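Architecture at a glance
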Amino acid sequence: MGEVDITRDVHGFPGPNVDVEAIERELANLWKAPELGSLTQAEVVPVRTSVLNLVVVASGHAGAARIARTVSWLSVHHPSRLIVFVPDWSATDPTRDLDAQVSTHCSAAPEAHVAPCFERVIITVPPGALDLIVSVIPSLVLPDLPTFLWWPEPPPLGEPNLVRLARAVDRLVVDSRGFTRAAASLVRLHELCRQLGDDCALSDLNWACLAPWRALTAQAFDVAEHRWVLDAVTRLTVQYGYTRGAADSPAQALLFVGWVTSRLGWEVVAAERANRGPWRVTARRPDGAHVAIELHRIPAPPAFNGALLSGVLQARDGRRSGEFRAERVDDLETIRVTVGIDGVPPVSYAMRSRGADDGSLLMQELRSVDRDGVYEEALTAARRCVAALGKDERARL
Amino acid sequence: MQSATVENPLRAGLDAERMPPPCAVVIFGASGDLTRRKLMPALYNLALEGLLPAGFTVVGFARRAMAPSEFRAQIRDAINQFSRRRPVDPGTWEAFEQGITYVQGTFQDVADYARLDQELRRIDRERGTRGNRIFYLATPPTQYETIIDNLGRAGLNVPAEPGSWTRLIIEKPFGRDYQSAVALNDHLLRIFAEEQIFRIDHYLGKETVQNVLAFRFANGIFEPIWNRNYIDHVQITVAESLGLEGRGDYYDQAGALRDMVQNHMLQLLCVTAMEPPIAFEADAVRDEKVKVLRAIRQIDPKRVNEMTVRGQYGPGWVGGQPVPGYREEPNVAPNSVTETYVALKLFIDNWRWAGVPFYLRTGKRMPRRVTEIAIQFKHVPHPLFRGPAAASMEPNVLAIRIQPDEGISLKIAAKVPGPLIRLRSVNMGFLYGTSFMVESPDAYERLLLDCMLGDSTLFTRRDETEAAWRPITAILKGWAEAPPPRFPNYEAGTWGPREADEFIARDGRAWRQP
């Protein structure tokens with residue numbers, strides 16, 4: 001296996017400026033670096049196959065290290081130009097020059113004759129300098145390729161420059177798993193989505209976590225004999241994980257409820273949550289009947305704090321009843337579905353949930369630059385669940 | 001609007017926008033190698049991806065007496081050994097194995113098919129498969145007609161319930177020559193309708209083969225030059241570094257022409273040469289492939305040696321290991337004249353390809369495993385650069401690599417930096433595997449899923465199979481009438497016999513070194 005990692009520092013941008021030309025010069029020089037000769041001696045050709053630009057705004061140097069680990073793995077599978085902005089308080093000192101680092105990493109599989117390479121640019125910026133970031137992105141991205149902006153930590157929702165920044169890219173990827181006031185932040189995320197409209201697609205790694213749940217749930221209702229259940233749901237019960245000492249994080253459960261609600265055409269009419277107890281939401285089906293929705297948090301290991309643990313749909317249409325149950329089993333990485341409907345043979349199936357690590361989830365979200373209408377509708381319905389709470393209850397979120 | 005009467009509203013926006021209806025797959029030859037290595041791992045991977053319908057069931061059918069639990073244990077071992085995603089995930093397996101059962105029976109006894117029918121009806125009742133069935137013939141081809149006849153006698157060839165479907169998947173080789181393929185088709189069609197029959201050529205299930213179609217028909221820039229005006233010739237190479245891998249019995253009866261050229265290589269030729277179909281739908285795509293096959297100029301058996309070269313490997317070294325010659329392989333006749341290498345030149349007599357030779361070559365025990373389609377363009381019409389400046393200048397080559405290092409490269413001429421005009425060929429490459437983040441599914445995963453969905457685009461139709469046999473049968477006839485070849489004529493670990501190099505050199509061309 002041939003592997004080469006070449007890194008160059010770009011020092012001395014005067015004041016709070018970023019010298020894009022100096023960065024581009026160093027990027028070009030990387031391809032002339034003698035280190036690449038070790039690949040060619042081994043008859044391996046370094047190639048740059050760029051599919052997208054990935055811009056990341058880290059939370060600091062520690063966050064940047066985590067991102068580097070995630071993205072270096074990702075980039076082997078998906079060569080891109082990666083631009084990481086690292087906020088650093090020392091960068092606010094007008095007398096201190098900003099720094100950047102450019103690097104290229106080439107890696108060839110055993111016996112392969114080509115080594116795909118990706119380029120990485122890390123730029124230190126003052127915290128909150130969204131305007132600076134907005135101005136640098138167009139200069140550094142590779143042309144004619146989609147640009148994704150990944151914000152691994154909670155973004156400054158409500159900050160006007162965030163909208164400007166998002167409009168400079170094709171898709172903004174956030175992660176509502178990390179939102180500290182998850183339910184309230186979902187409302188602001190919805191507002192951001194509304195403001196962006198067609199200018200930038202919005203996605204959420206927390207939504208990507210729901211992909212296996214959505215697939216398994218949909219699968220049960222591909223069976224025509226099961227489908228009446230969807231028209232006759234009387235109760236939806238959802239459980240999500242809570243780890244003592246961690247922040248209550250109902251965002252994923254709310255998105256699941258939002259998904260079911262929006263897909264089935266329900267309208268949220270009321271919601272309550274007393275003293276951090278279960279959420280109780282009332283929705284109205286298209287035929288006018290009410291559906292009782294409950295969200296319960298139950299103890300779970302730290303890796304599953306905020307993760308959906310089960311979803312149960314119960315239905316009755318007078319003559320018959322049915323239940324759909326999807327739940328995490330065994331090591332909680334497997335989701336099992338059981339469907340029990342009067343007059344129909346019971347069905348059970350399972351699926352390994354895809355990894356919920358940032359890299360796997362991000363890979364899913366980088367596959368498309370288009371708006372995800374299903375997500376946006378689910379987010380809208382989730383927002384209604386929150387908005388339907390009483391004023392005091394909302395204040396406590 | 002009530003959901004029960006419309007599409008599943010929960011499926012919107014999911015990766016799998018279509019899910020097959022509940023069904024049962026019956027595998028004849030359930031204890032065989034294909035079932036263990038390919039079919040069950042493929043089905044398990046589909047389960048892992050959540051792409052199988054609720055109630056999905058596999059019924060193994062084979063001669064050996066064993067309990068369903070023993071069959072399940074065998075399948076689990078096979079998945080652990082051969083699945084691209086292993087080891088088995090306990091949760092997925094627990095649900096998947098509930099849908100695996102086994103019927104012991106012989107292919108010859110119609111009473112065993114009646115028992116199979118009863119078992120399928122039980123499965124319909126208990127797992128909700130609603131009479132939807134796929135019969136997969138993973139058996140030696142000698143068993144095909146027997147199984148097909150008995151399926152018909154037991155009434156298993158027709159849908160079990162109103163609105164349900166019954167399908168049949170048949171593996172290659174589909175006949176031994178044109179006449180036997182026609183006879184097999186006639187036999188099949190007495191019992192099954194053409195739309196029930198899915199003739200599998202797993203090459204068509206490969207992502208990179210499908211990518212050839214995407215490359216040609218989703219990029220407007222190539223179509224104007226994809227013809228005799230710009231293309232000098234096409235080379236299609238399928239090289240294997242492996243030998244027989246225990247398939248001596250079969251291979252010694254088949255040879256490279258039947259085993260590789262008649263099916264896989266002609267499919268590659270078709271996707272390279274076909275006209276744009278009117279839609280990416282089963283019959284539209286297959287209509288265009290059939291036109292290509294029908295346009296292949298028939299080789300006069302008397303001139304077969306001018307248009308083909310055959311070879312057989314002797315002992316040699318591959319990948320640093322000594323390997324025996326073909327005739328020393330197990331279950332191969334010591335004086336066998338079966339070809340393990342074949343090179344041939346075909347012409348497609350139509351407006352687009354008139355006069356453009358398609359060179360096909362395949363062989364076992366080559367230096368490396370590689371499958372590629374190389375489109376060699378013509379020289380520039382007027383040589384602007386002469387002498388030393390153009391010493392290294394070569395025509396453009398577009399190489400579509402099917403495996404390994406799947407991707408596309410274009411060889412172009414570029415100026416070497418410096419005060420003088422000197423040209424050199426450089427490659428511009430697109431690597432399929434490193435440009436998309438998801439792991440490609442195995443060909444069998446795609447094809448099994450397509451069959452469940454009733455999509456036969458990637459399966460071969462009757463006329464396609466027969467049209468593919470016509471030129472091959474003419475070559476077989478010519479070889480049979482020619483003096484026996486002097487084998488072995490190439491050393492294992494080389495790119496084939498010297499005659500193959502001379503063969504293409506006569507046309508002023510050379511084989512690529514892929």
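The next subject is the overall build of chain B. Secondary structure summary: chain B contains 14 helices and 18 strands in total. A compact globule built from 514 residues would reach a C-alpha radius of gyration of about 24 Å, and chain B, at 25 Å, matches this within 12%. A principal-axis box enclosing the C-alpha atoms of chain B has dimensions of 80 × 60 × 45 Å. A total of 514 residues make up chain B; the buried ones form 56% of that total. Long-range contacts, defined here as pairs at least 24 residues apart, represent 76% of the contacts in chain B between residues at least 6 apart. Accessible surface computed for chain B: about 21,600 Å², of which carbon and sulfur atoms make up 53%.

As a further point, take the interface of chain B and chain A. Residue-level contacts link 45 residues of chain B with 45 residues of chain A. Our count for the chain B to chain A interface comes out at three salt bridges. Glu94 of chain B serves as the salt-bridge partner of Arg336 of chain A, at 2.9 Å between the closest nitrogen and oxygen. Taken together, the connections running from chain B to chain A amount to eight residue pairs in polar contact (both at pLDDT 80 or more). Contributing elements (two or more residues each) for the side of chain B that touches chain A: helix 1 (33-48), helix 3 (90-97), helix 4 (110-127), strand 17 (423-431) and helix 11 (432-435) of chain B. Ranked by residues supplied to the side of chain B that touches chain A, first place goes to helix 3 of chain B with four residues.

Below, the discussion takes up the nonpolar core. Of all hydrophobic cores here, the largest spans 117 residues; its most connected members are Phe96 and Leu360 of chain B. Ranked by residue count, the leading element in this core is helix 8 (residues 248-273) of chain B, at 12 residues. If you look at the next biggest cluster of nonpolar residues, it comprises 115 residues, including Val102, Trp213, Leu264 and Leu295 of chain A.

Residue and element names in this part refer to chain A. In this model, helix 10 (residues 251-263) (13 residues) spans 18 Å end to end at C-alpha, consistent with the 18 Å of a helix rising 1.5 Å per residue. Of all 13 residues that make up helix 10, 13 are buried, and the element is covered over most of its length. Note on helix 10: the residue one or two positions beyond its end, Gly265, has a positive phi of about 75°.

Here we come to the sheet that holds strand 12 (residues 279-284) of chain A. Residue and element names in this part refer to chain A. Judged by pairing direction, the sheet is mixed, and its eight strands sit side by side in the order 11-12-13-10-14-15-16-17 without closing on themselves. Looking along the sheet, the strands with just one partner apiece sit at the ends: strand 11 (267-273) and strand 17 (344-352). The mean angle between the axes of side-by-side strands here comes to 15°, regardless of whether they run parallel or antiparallel. Bridge count between strand 11 and strand 12: six bridges; the pairing is antiparallel. Looking at the pairing, Ala271 lines up with Val281 of strand 12. Packed onto the sheet, helix 10 meets strand 10 (233-242), strand 11, strand 12, strand 13 (290-299) and strand 14 (308-316) and runs at close to 160° relative to strand 10.

As a general point, the strands of a sheet are linked pairwise by backbone hydrogen bonds and lie either parallel or antiparallel. Residues and elements named next belong to chain B. The strand order 8-12-13-7-14-15-16-17 describes an open sheet built from eight strands, whose pairing is mixed. Only two strands of the sheet have a single neighbouring strand rather than two, namely strand 8 (308-311) and strand 17. On average, each strand axis in the sheet is inclined to that of its neighbour by 15°, with strand direction left out of account. In this structure, strand 15 (residues 397-403) lies alongside strand 16 (residues 407-415), joined through five bridges in antiparallel fashion. By the bridge assignment, Ile400 is partnered in strand 16 with Ile408. Those strands touched by helix 8 are strand 7 (231-239), strand 12 (341-347), strand 13 (357-363), strand 14 (370-377) and strand 15, and its axis lies near 140° from that of strand 13.

Before going further, it helps to examine the environment of Ala326 of chain A. Residue and element names in this part refer to chain A. One can find Ala326 in strand 15 (residues 321-329). Among the residues examined, Ala326 registers a relative accessible area of 2% and is labelled buried. It is 7.3 Å that separates the C-alpha atoms of Ala326 and Thr217, two residues lying 109 residues apart in sequence.

Moving on, we come to the state of the cysteines. Residue and element names in this part refer to chain A. Enumeration according to the criterion identifies one disulfide over all chains in this entry. Each sulfur of the disulfide joining Cys106 and Cys117 lies 2.1 Å from the other. Sign of the S-S torsion, about 110° for the bond between Cys106 and Cys117, identifies this disulfide as right-handed. Residue Cys106 is found in strand 5 (residues 98-107), and its partner Cys117 is found in strand 6 (residues 114-125); the two are separated by 11 residues along the sequence.

This part takes up unusual backbone geometry. Negative phi characterises most residues that are not glycine, and trans characterises most peptide bonds. The omega torsion of the bond from Arg86 of chain B to Pro87 of chain B falls at 5°, within 30 degrees of zero and hence cis. Tracing the chain through its elements places Pro87 of chain B in the loop between helix 2 (68-82) and helix 3. A cis amide bond links Phe487 of chain B to the next residue, Pro488 of chain B, at an omega of -10°. Residues other than glycine seldom take positive phi values, yet Leu332 of chain A does so here, at roughly 75°. Position of Leu332 of chain A among the secondary structure elements: in the loop between strand 15 and strand 16 (334-341). We note that Asn331 of chain B has phi near 65°; this positive angle belongs to a residue other than glycine.

Quite often, the size of an interface is put as the accessible area lost when its parts meet. All names here are of chain A. With domains assigned, chain A is organised as domain 1 (3-145) and domain 2 (209-395). The gap between the C-alpha centroids of domain 1 and domain 2 is 39 Å. Taken together, the contact between domain 1 and domain 2 spans six residues of the former and six residues of the latter. Of the roughly 580 Å² buried where domain 1 meets domain 2, counting both sides, 80% is carbon and sulfur surface. Our enumeration of links across domain 1 and domain 2 arrives at zero salt bridges. At the boundary of domain 1 with domain 2, the tally comes to zero residue pairs in polar contact (both at pLDDT 80 or more). At the level of elements, strand 3 (52-57) and helix 3 (61-77) are the ones that each hand at least two residues to the side of domain 1 that touches domain 2. Top element by residues in the side of domain 1 that touches domain 2 is helix 3. It accounts for four residues.

Another aspect to go through is the pattern of salt bridges. All names here are of chain B. For the structure shown, the criterion picks out 56 salt bridges over all chains. Across the pair Arg462 and Glu466 runs a salt bridge whose closest N-O atoms are separated by 2.6 Å. Of the two residues, Arg462 and Glu466 both sit in helix 13 (residues 462-481), four residues apart, roughly one turn of that helix. Grouping residues by exposure puts Arg462 and Glu466 together as buried.

Residues and elements named next belong to chain A. Put simply, helix 6 (residues 182-196) and helix 12 (residues 373-387) touch, their axes get as near as 9 Å, and they point 135° apart. Looking at the two axes, helix 6 sits oblique to helix 12. Between helix 6 and helix 12 the crossing geometry is left-handed. Contacts from Ala183, Leu186, Val187, Leu189, His190 and Cys193 in helix 6 reach Tyr375, Glu376, Leu379, Thr380, Ala382, Arg383 and Val386 in helix 12. Residues belonging to the contact of helix 6 with helix 12 are distributed by class as follows: nine nonpolar, two polar and two charged.

Criteria and thresholds
Residues numbered from 1 in each chain as written. Chains lettered and ligands numbered in written order. Predicted model: local features only at pLDDT ≥ 70, side-chain atom pairs only at ≥ 80, totals over all residues. Heavy atoms only, no water. Helix = DSSP H or I, 4+ residues; strand = E, 2+ residues; numbered from the N terminus. Rg over C-alpha atoms; globule rule 2.2 N^0.38 Å. Buried < 20%, exposed > 50% of the residue type's maximum accessible area, 1.4 Å probe, protein only. Contact = heavy atoms within 4.5 Å. Areas by Shrake-Rupley, 256 points an atom, 1.4 Å probe, with all protein chains shown as cover. Salt bridge = Lys/Arg side-chain N within 4 Å of Asp/Glu carboxyl O. Polar contact = N/O pair within 3.5 Å; in protein donor to acceptor, adjacent residues only side chain to side chain. Core = buried A, V, L, I, M, F, W, Y, C linked by side-chain atoms within 4.5 Å. Expected span 1.5 Å × (residues − 1). Pairing = 2+ DSSP bridges. Axes fitted to C-alpha atoms, helices over the stretch in contact; angles between N-to-C directions. Disulfide = S-S within 2.5 Å. Domains from an automatic or database assignment. Buried area = accessible area lost by both parts, 1.4 Å probe. Parallel < 35°, antiparallel > 145°, perpendicular 65-115°, else oblique. Left-handed = near helix turned anticlockwise from the far one by under 90°. Nonpolar A, V, L, I, M, F, W, Y, C, P; charged D, E, K, R; others polar.

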